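Working through the structure, step by step
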Amino acid sequence: MKNLHTIYTIPDIKLTIQSGGSIEFVKTGILPEFLVFHSPQLHRTWRLKLKEDKQNGVLKVNGQIAFHYFFDGLGCKMQSVNVGVVTGEWEIEEIMTEMRD
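Residues numbered from 1 in each chain as written. Predicted model: local features only at pLDDT ≥ 70, side-chain atom pairs only at ≥ 80, totals over all residues. Heavy atoms only, no water.

Some words on the sheet that holds strand β6 (residues 76-82)
Note the following rule: Here a strand pair is declared whenever DSSP counts at least two bridges between the two strands. Helix and strand assignments come from DSSP, with helices taken as H or I runs of at least 4 residues and strands as E runs of at least 2, each series counted from the N terminus. Structural elements are reduced to axes, namely lines fitted to C-alpha atoms, with helices fitted over the stretch in contact, and the angle between N-to-C directions of any two is expressed from 0 to 180 degrees.
Taken in spatial order, the four strands make up an open sheet running β4-β5-β6-β7, and their pairing is antiparallel. The sheet is open, and its two edges are formed by β4 (55-61) and β7 (85-91), each paired on a single side. When strand polarity is set aside, the average angle formed by the axes of neighbouring strands in this sheet is 20°. Two strands pair when backbone bridges link them, and β4 and strand β5 (residues 64-71) are joined in this way by seven bridges, in the antiparallel orientation. Each residue of the ladder has a partner; that of Leu59, found in β5, is Phe67.

Details of the environment of Val83
Tracing the chain through its elements places Val83 in the loop between β6 and β7. A sequence separation of 18 residues divides Val83 from Ile65, and the C-alpha atoms of the two residues are 8.2 Å apart.

See the structure below:
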């Protein structure tokens, strides 16, 4: 029964790996990459620069840490946080790639 409870409390977060951006490429000669997390349920989008093949960090809602993410190039694990306590863990099943010019 624990799994059913977890499924219903996990926000619908989608992840897109966004590559490109002509302005930064012109300035640096490096094609930038971003992790774009989007939750229709929470009406939020977080766009974070991907600096390493493996990266972790936090996503905030109203200035409070709401999620931890752990991205390793092959997948992304998430943890929901409520008042500093991890309340759920899951892996994002589908990751999209988006190329921009």
